[in-house]
Each structure stands twice: as structure tokens, then as C-alpha cells.
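# Structure at a glance
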Amino acid sequence: MTATTPETDAGRQDGRAPVLSARGLVKTFGRVVGLDGVDFDLYPGEVLAIIGDNGAGKSTLIKAATGAIVPDAGEVRLDGEVVSFKRPQDAREAGIETVYQTLAVAPALDIAANMFLGREMRRSGPLGSVFRMLDHKGMRESAGKSMADLGIGTLQNMAQPVETLSGGQRQAVAVARAAAFATKLIVLDEPTAALGVKETNQVLQMIERVRDSGLPVILISHNMPNVFEVADRIHIQRLGRCAGIITPKTHTPSEAVAIMTGATTLQDTPGSVRG
Amino acid sequence: MSTTSPATPGAETPAPPANTAAEQFAKRRRSPAQRVQHVLHAYPAISPLLVLVVSFLVFTYLNPNFGTLRTQSLILQQVAVVAALAVGQTLIILTAGIDLSVGAIAILAMLFSAKLSADGGLPGPLAVLVGIAVGTAAGAINGLLVTRLRLPPFIVTLGTLSVFTAMALLYSGGQSVQAGAMPDLMVWTGEIVNLGGLRITTGVFMVVLLYVVIGFVLKQTTWGRHLYAVGNDAESARLVGISVNRVLLSVYTIAGLIYGITAWILIGRAGAASPNAAADANLESITAVVIGGTSLFGGRGALLGTLLGALIVGYFRTGLSLAGVDDQWRVLSIGLLVIIAVSIDQWIRKVRA
């Protein structure tokens, strides 16, 4: 407990309210139990990583919290208010942006078009309201600014089709889009899974920038080194339940893996920060 | 742009030196073929434009009559109907769909408006509107089958091709309606306008207008943008909050509306409403779209290419016939063009950073 980051500790000890919290989430798929009564909290200004083996319920947890699936039981609160998202759009309208593993980009469209996909800026006056004309210039400028805010200086031409970008650059576009529109938090699903070493580091830096700009981040990842580099707290899912919440300061990656795989439990592991 | 300059190898990116083999591979210089690939990727209308210009020069060389305004006017009149249908076809192919029922819808719409005005005494403006309404409704039926029953567009329109064709024949009893029996407005689209030697019909003007309006809508409005997004990746479009089914339904419906307008142009062009008028139009409209560089896989292409594609088909028909070549050479060469166009599309879709 001695070496936890001030931010995390402050978030937890002075009773600051979580941005997003869930209590007793249950989701079953026929006989398969996806979530078996999961509690979950995201505090302001933190990067919360969710780790777990395949089928441990990390994706289900996030989907249940962001409207991609509707939980069978349990409640989700956003800024203390109970919310029931029926579809991803509901969560998005409430200020939660998700960067999907597939990135949800249209490859042949350019960066600016993808940044504003589904939320296009329209021309002012009747050209926009009646003829629904796009404000190409406004979107390019705004897209360029969003990319610059995240320190992505290598992409200058917002008219470049996304399919001509590298994997990391595409990821950058998707993260910049989420950061530009989110007002509460952003969720990143395996953002580094398909990336090389250098690009992974760039994405991790972006995640830190997003957090430092005031948006809390939920990071779903398999990659233990990445998680320990960037997360403030780590929520471990195992067999549809939360097996514990640790921090990179109190636990080692191998301890995290041990809890994740059931080789040990949080109670048996020194440095427990939960109980 | 991240285009690399061959004069300064290794200086193309300001980023630190590559530290993995893959990154070094990514920083390799582009070969000439790759540069061509990138240019075609950015401007897919270049290849059909090139084909059009070269075929114009070759056909004029083979027979100087080809280059005359008179011949060019005739070609424009000939391609007008297919070019108009290809507008709707382009919209549908951009969503990664296909419409095999284009010609059938146009014929159905044409026969309804022709017979109602000739036999039913419907005034010209109303008859034209009925034709457009029939086309729109037929398009909407395609759209509903694609979105509600989630059937592949190929199957839906293969079915409605037969259904609409049979309906048209049953309704008309297989009989044509001659121009004289219809109000003047119905054949107004066949009226010649003389533009300083270029004799084109009002129907051709309407086709040009169609291209301008739909081309504008595709590039400048949210609807056009969403249409491209759906064609690119429907799942991504859904995730960003675009109502994919609504976009698809609107695309098929608007395509139907365009076919309804084309029915009017077709009456003027043929000088009659015949159930056999646009028999080849189904495949020719797809040919025009594909030669024009629009990808059959959706999300990629532009209306300008389709216009060039329709003109290329017209150039080959008239050009080869003026050159005194057997018509089967036209069929053969158009077939080759389609295969080449799709190969080029496959190639430029593989473009990478």
C-alpha cells in the first residue's frame, strides 16, 4: 500500500466518486456464464486495465457497461446516476467512447471522414440543415487539431485514406476520434494487439495523454508489459468474476498472471491492496 | 502525403530510424509500379479516362467519321439510357450490392406510364410521375428484401428481375405502345437540341443533370458519406452509429427513382414503349460501373468513372462498327475490359502505406 500512486490512492481513499461503476453484473449466454456478479469501478483520472484469460469475461464486462450487450442483472452507474444502455449509441451519447479492436473505420475514406463518421460536421445555414452538406474544411481542421492534441504529428494530411496508414496510425485515428468525442471516459479494446514495438509505445503514450487530459481510460489487454506500464489499477477477471484488483506498484506481472490463471488468489499474494 | 521521393532515399520520414525488420521493410522505396498503384488508388477515374481518350484516337484514326460531332452526338444518344441506369447501379454497387433488376424496373415503369397515358387517358405529367413512382416502389421492394429479409442483393434482384419482367409482360400483354398514342410530354425526352453542331436530345441533358446532382450528393452530403461508409464496412458503420439498414433502403429506393426517370428517357429514345426495349441494360449498366473503376466490393469509386465507363461501351460499339469490324469483336473487347478493370481494382485495393 505504501508505493501506490498518489492519484490512485487519492481516488480511492478520499472517497471520490467513481465515474463509471457497476454492481452485481450478471450475463449468461444459454448455459455459459459470461459474468457472475461482477463489481467494477473506474475513478477519475485513472487508467484502469482489465485483464483475464480468454473467456474470463473481460469483453463481456465492458460490453455490459457500454451498451453493446444488456446485462441480465446488476446496475451500471455513470457519475452516480443509474443508466441502462440498450445499444452502444446510448453509451456514446452519454459520453462513453469505445475504440473497438476492429477500430470501426472505413478504410477507403480519409482521416477526417473517419474521425467524424456518423457525426459529420455540416455547413452552416440552410446548406447544412436543408441540403445536409458536409463541412469538409471544418472537419479537416478539427481532425488535425485532435490528432495534434494527442501528439500525433506524423499524420499531417487529413485527406489521406485510412487504408494507406500503418496499423499504429490507424489505431491513432481511432483513439483520437474517441478522445475528441468522449466527455466521460474512453474504452480501448486490445489497442496494441496488432502493433509492432514502436507503434505500441506510441499508443501507450497516447493513452497517457488521454488520461492526463482528464479522461479516465479503461484498457482491455492481454499484454502484461503494456498493462503494467500504463495502468494505474488492474482489474483481474477470472471465470466470470473479479479475482481481484491490484496496482502495478504492489504486484508483479507474474503475480497478476498467477491470479488471472487461478494459480494463486489475491488473498494469498503479498501486497494485497484490496482487503 | 507520405509519398517518398526517389531522389532522397532514407529521408522520407522524419521519424527515428527503423528498429525492427518490418519497420525497415515499411520504409523501403516505392517501385514505379507501386507509384502507379498509389496514383490509381487516389484517382481511380484515371484508367477509364485513359481508355476513353485512347479509344477515341484509335477509332478516329481507323475511321475519321468517328471523331465528327455527328457521330459523337449519336453515341451520346445511344449511351444515355445505360448511363442513366448506371447511376442507380453505381449507388448500389458502392454499398457492396448489385442490381440485376435495373432494366426490368425501367421497362415496368415505362410500360405503366405509357399504357396508362395511351389507353387510360392519363395526362402526360401524371403519366411521367406514375412511371417514376413505379420505379421508386420497385426499388423500395428490392431495398426491403435486402434489409428486412437480409437476403444477398444478388439473389433479391435476380428474383425481382424475373418478377418485374413478367409483371411488365403480363401488364402490357407483350404489346408496344407507339409514340403517337402517348401525350407529347412522354416523348419529349427524345427531342433534339442543336448545340452548335452537337445534336443531342433533352434526354441526354437529363442524364447529365442526373450525374451532376447525384455526383454532388455523393461527395458533399452526409447521406453520400454514409453510403460509402456502409459499402466500406457495414459493421464499422453500425458501430459508429450509422443506421445501415436505413442507408441501404434509401439507396435502393433512390436507385428505383432513377430507373423511373430513365423509363421516361427510354420512351423518348426508342420512340415507343416496347417490352423488349432495354433487354441488355441490366448487364450493360454493371459493365459501365465496373469499367468506370467502381469496386464491386463496395465503398470505392465515383460517379464520374461510371460516366466514362458508359461512354467507353458506346465508343467501342460505334467505333468498331465504323471500322467495319464484326460486332462480336465489340462483345469480346468489352468482356476483356471488364476483366481488366476488375483486375486493376483488385490490385489498387492492396495499396499500403
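Residues numbered from 1 in each chain as written. Chains lettered and ligands numbered in written order. Predicted model: local features only at pLDDT ≥ 70, side-chain atom pairs only at ≥ 80, totals over all residues. Heavy atoms only, no water.

As a further point, take the overall build of chain A. Looking only at helices and strands, chain A has ten helices and ten strands in total. In terms of overall size, chain A behaves like a compact globule, its C-alpha atoms giving a radius of gyration of 19 Å where 275 residues would be expected to give roughly 19 Å. For chain A, the spread of C-alpha atoms along the three principal axes comes to 65 × 40 × 40 Å. Among the 275 residues that make up chain A, the fraction classed as buried is 54%. In chain A, the proportion of contacts linking residues at least 24 apart, taken out of those at least 6 apart, comes to 63%. Of the accessible surface of chain A, which amounts to about 11600 Å², a share of 50% is contributed by carbon and sulfur atoms. (Helix = DSSP H or I, 4+ residues; strand = E, 2+ residues; numbered from the N terminus. Rg over C-alpha atoms; globule rule 2.2 N^0.38 Å. Buried < 20%, exposed > 50% of the residue type's maximum accessible area, 1.4 Å probe, protein only. Contact = heavy atoms within 4.5 Å. Areas by Shrake-Rupley, 256 points an atom, 1.4 Å probe, with all protein chains shown as cover.)

Take the interface of chain A and chain B next. Facing the 32 residues of chain A at the interface are 28 residues of chain B. Surface buried jointly by chain A and chain B totals about 2600 Å² across both partners, of which 57% is contributed by carbon and sulfur atoms. Summed over the three residues of chain A that lose the most area to chain B, namely Glu-163, Thr-164 and Lys-198 of chain A, the buried surface amounts to 21% of that side. Two residues, Arg-300 of chain B and Glu-163 of chain A, come together in a salt bridge whose shortest N-O distance is 2.6 Å. Applying the counting rule to chain A against chain B returns eleven residue pairs in polar contact (both at pLDDT 80 or more). A breakdown of the residues in the side of chain A that touches chain B according to their chemical character gives 15 nonpolar, eight polar and nine charged. (Buried area = accessible area lost by both parts, 1.4 Å probe. Salt bridge = Lys/Arg side-chain N within 4 Å of Asp/Glu carboxyl O. Polar contact = N/O pair within 3.5 Å; in protein donor to acceptor, adjacent residues only side chain to side chain. Nonpolar A, V, L, I, M, F, W, Y, C, P; charged D, E, K, R; others polar.)

All names here are of chain B. The contact between helix H5 (residues 102–118) and helix H12 (residues 244–270) brings their axes to 8 Å, and the two run at 65 degrees. The handedness of the crossing between H5 and H12 comes out as right-handed. Taking contact as the criterion, the partners of Val-102, Ile-105, Ala-106, Ala-109, Met-110, Ser-113 and Ala-114 in H5 are, on H12, Tyr-259, Gly-260, Ala-263, Leu-266 and Ile-267. A per-class count over the contact of H5 with H12 returns ten nonpolar, two polar and no charged. (Axes fitted to C-alpha atoms, helices over the stretch in contact; angles between N-to-C directions. Left-handed = near helix turned anticlockwise from the far one by under 90°.)

Another point: the domain arrangement of chain A. All names here are of chain A. Parsing chain A into structural domains produces domain 1 (1–95 + 216–275) and domain 2 (97–181). For domain 1 and domain 2, the distance between their C-alpha centroids amounts to 30 Å. With four residues of domain 1 at the contact, the number on the domain 2 side is four residues. Where domain 1 abuts domain 2, roughly 320 Å² becomes buried across the two surfaces, and 47% of that area is made up of carbon and sulfur atoms. (Domains from an automatic or database assignment.)

All names here are of chain A. As defined by bridge partners, strand E1 (residues 20–29) adjoins strand E4 (residues 73–78) across five bridges and the pair is classed as antiparallel. Across the sheet, the residue bridging to Ala-22 is Val-76, located in E4. Adjacent in sequence and paired antiparallel, E4 and strand E5 (residues 81–83) are bridged by two residues, among which Asp-79 carries a positive phi angle near 50 degrees. (Pairing = 2+ DSSP bridges.)

How two aromatic rings sit relative to each other is set out by the distance from centre to centre and by the angle between their planes. For the coordinates displayed, the defined rule picks out eight aromatic pairs over all chains. We note Arg-119 of chain A situated over the ring of Phe-181 of chain A; from NZ or CZ to the ring centre the distance is 3.8 Å. (Phe/Tyr/Trp six-rings, centres within 6.5 Å; stacked < 30°, edge-to-face > 60°. Lys NZ or Arg CZ within 6 Å of the ring centre and 35° of its normal.)

Our next topic: a nonpolar patch on the surface. Residue and element names in this part refer to chain B. On the surface, Val-325, Trp-329, Leu-332, Leu-336, Ile-339 and Ile-340 cluster together into a nonpolar patch covering about 580 Å² of accessible area. Relative to the assigned elements, Val-325 resides in the loop between helix H14 (303–322) and helix H15 (327–348). The class for Val-325 is partly exposed, based on a relative accessible area of 32%. (Patch = residues over 30% accessible without salt bridge, like charges linked within 9 Å, V, L, I, M, F, W, Y side chains within 5 Å.)

Right, let's get into the packing of H5 of chain B against helix H6 (residues 124–148) of chain B. How two helices sit against one another is set out by the angle between their axes and by the gap between those axes. Residue and element names in this part refer to chain B. Contact pair H5 / H6: the axes reach a minimum separation of 8 Å and the direction vectors enclose 150 degrees. With respect to H6, the axis of H5 lies roughly antiparallel. As for the relative orientation of H5 and H6, their crossing is right-handed in sense. Within the contact between the two elements, H5 uses Ile-105, Leu-108, Ala-109, Phe-112, Ser-113, Leu-116 and Ser-117 and H6 uses Ala-127, Val-130, Gly-131, Val-134, Gly-135, Ala-138, Gly-139 and Asn-142. Classifying every residue of the contact of H5 with H6 by side-chain character gives nine nonpolar, six polar and no charged. (Parallel < 35°, antiparallel > 145°, perpendicular 65-115°, else oblique.)

Right, let's get into the pairing of strand E7 (residues 185–189) of chain A. All names here are of chain A. Counting buried residues in E7 gives five out of five residues, a clear majority hidden from the surface. Burial along E7 is two-sided: Leu-185, Val-187 and Asp-189 facing one way and Ile-186 and Leu-188 facing the other are all buried. Two elements, strand E6 (residues 96–99) and E7, share four bridges in a ladder whose sense is parallel. Bridging from a neighbouring strand, Ile-96 pairs with Leu-185 of E7.

Right, let's get into H14 of chain B. All names here are of chain B. Across its 20 residues, H14 extends 28 Å between first and last C-alpha, which sits within 8% of the 28 Å expected from 1.5 Å per residue. Within H14, 15 of the 20 residues are buried, which leaves the element mostly enclosed by the surrounding structure. Backbone geometry just after H14 places Gly-324 at a positive phi near 75 degrees. (Expected span 1.5 Å × (residues − 1).)

This part takes up the pattern of salt bridges. Residue and element names in this part refer to chain A. All told, the structure shown has 18 salt bridges over all chains when counted by the stated rule. The shortest N-O distance in the salt bridge between Arg-23 and Asp-41 comes to 3.0 Å. Highlighted residues: Arg-23 in strand E1 and Asp-41 in strand E2 (residues 32–42), separated in sequence by 18 residues. When its relative accessible area of 37% is taken as the criterion, Arg-23 is described as partly exposed. Taking the relative accessible area as the measure of exposure, Asp-41 reaches 16% and is therefore buried. We note a salt bridge from Glu-141 to Lys-137, for which the minimum N-O separation is 3.4 Å. With Glu-141 and Lys-137 both in helix H6 (residues 136–149), this residue pair falls four residues apart, about one helical turn. Pair check on accessibility: Glu-141 and Lys-137 agree, each one exposed.

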